[in-house]
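Per-entry structural report
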Amino acid sequence: MHGVFALGLAAALTATAAHAQVTEIYKCVDAKGRASYTNDKRETGGKKCELVTTQINVAPPQKSAARRPSGFPRESAAEANRARERQRGILEQELVGEQAALNKAREALAAQEAVRGGDERNYARVEERLQPYKDTVETHEKNIEALKRELNNLYR
C-alpha cells in the first residue's frame, strides 16, 4: 500500500517539478545469503531482491538572473534611517526597563540575603533559597548586555 502511494506521489512530483528524480533502493541476497543494497536496477539481475524504499529527490529551482522584479519597491535611505531610529528608540526603552528590573531584582536578593531562618543552619540551604534570586539578577544582566550589543550593532 505504501509503495503504491509513494510511486503515485513520485509520479505527481515528477510531473510538477522539472528536477525531481525517483531513487529506488533494493536489498539483494546472493546465493551465499549475503545481503547488499543497491539503487541500480541492473545489479538486481540473478539475485533475490526486494524494493526497500523509494526516495524522491528534488533539486532546488534555479535562481533567475534578475534579482528583483521590475517595479519591486525599494527602501530609500531616508526610510532606512527612520526605521533604524525607531528601532534604536525601542531598544533604548527596553534597556531602561531591564535596568529598572535589574535594580528591583538586586534589592530583592539583598533583602533575602539579610534574612536568616532558624532552619537554615547549613549554608547549602541558604544558597538553595537564594539561587532563584541570583538567577533573576543574572538573567537581567544578560538581557542588558544583549540590548547594548544590539544598540552597538545597529549602525554597522
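To keep things clear, this report deals only with the structure shown in the data block. In this text, all values refer to a predicted model and were calculated from it rather than measured experimentally.

**As for the environment of Thr136**
Mapped onto the elements, Thr136 comes out in helix 3 (residues 123-153). Residues Thr136 and Lys104, spaced 32 residues apart in sequence, show a C-alpha to C-alpha distance of 10.0 Å.

**Here we look at the side chain of Thr38**
For Thr38, the location among the structural elements is in strand 2 (residues 35-38). There is a polar contact of 2.9 Å between the side chain of Thr38 and the side chain of Glu43. Once residues lying within four places of it in the same chain are set aside, the contact partners of Thr38 are Glu24, Ile25, Tyr26, Cys28, Glu43 and Thr44.

**Regarding the nonpolar core**
Within the largest apolar cluster, 11 residues are counted, these being Leu91, Leu95, Leu102, Ala105, Leu109, Val126, Leu130, Val137, Ile144, Leu147 and Leu151. Those elements that place two or more of their residues in this core are helix 2 (77-114) and helix 3. Sort the elements by how many residues they give to this core and helix 3 lands first, with six residues. Those residues in contact with Leu130 that lie beyond four places of it in its chain are Leu109, Gln112 and Glu113.

**Focus: the packing of helix 2 against helix 3**
Running from N to C, helix 2 and helix 3 point in directions that differ by 160 degrees, and their axes come no closer than 9 Å. Between helix 2 and helix 3, the interaxial angle falls into the category roughly antiparallel. Along this stretch, helix 2 crosses helix 3, giving a crossing that reads as left-handed. Grouping the amino acids of the contact of helix 2 with helix 3 by side-chain chemistry returns 13 nonpolar, six polar and 11 charged.

Definitions and limits used
- Residues numbered from 1 in each chain as written.
- Predicted model: local features only at pLDDT ≥ 70, side-chain atom pairs only at ≥ 80, totals over all residues.
- Heavy atoms only, no water.
- Helix = DSSP H or I, 4+ residues; strand = E, 2+ residues; numbered from the N terminus.
- Polar contact = N/O pair within 3.5 Å; in protein donor to acceptor, adjacent residues only side chain to side chain.
- Contact = heavy atoms within 4.5 Å.
- Core = buried A, V, L, I, M, F, W, Y, C linked by side-chain atoms within 4.5 Å.
- Buried < 20%, exposed > 50% of the residue type's maximum accessible area, 1.4 Å probe, protein only.
- Axes fitted to C-alpha atoms, helices over the stretch in contact; angles between N-to-C directions.
- Parallel < 35°, antiparallel > 145°, perpendicular 65-115°, else oblique.
- Left-handed = near helix turned anticlockwise from the far one by under 90°.
- Nonpolar A, V, L, I, M, F, W, Y, C, P; charged D, E, K, R; others polar.

These figures come from the coordinates and say nothing about function on their own.
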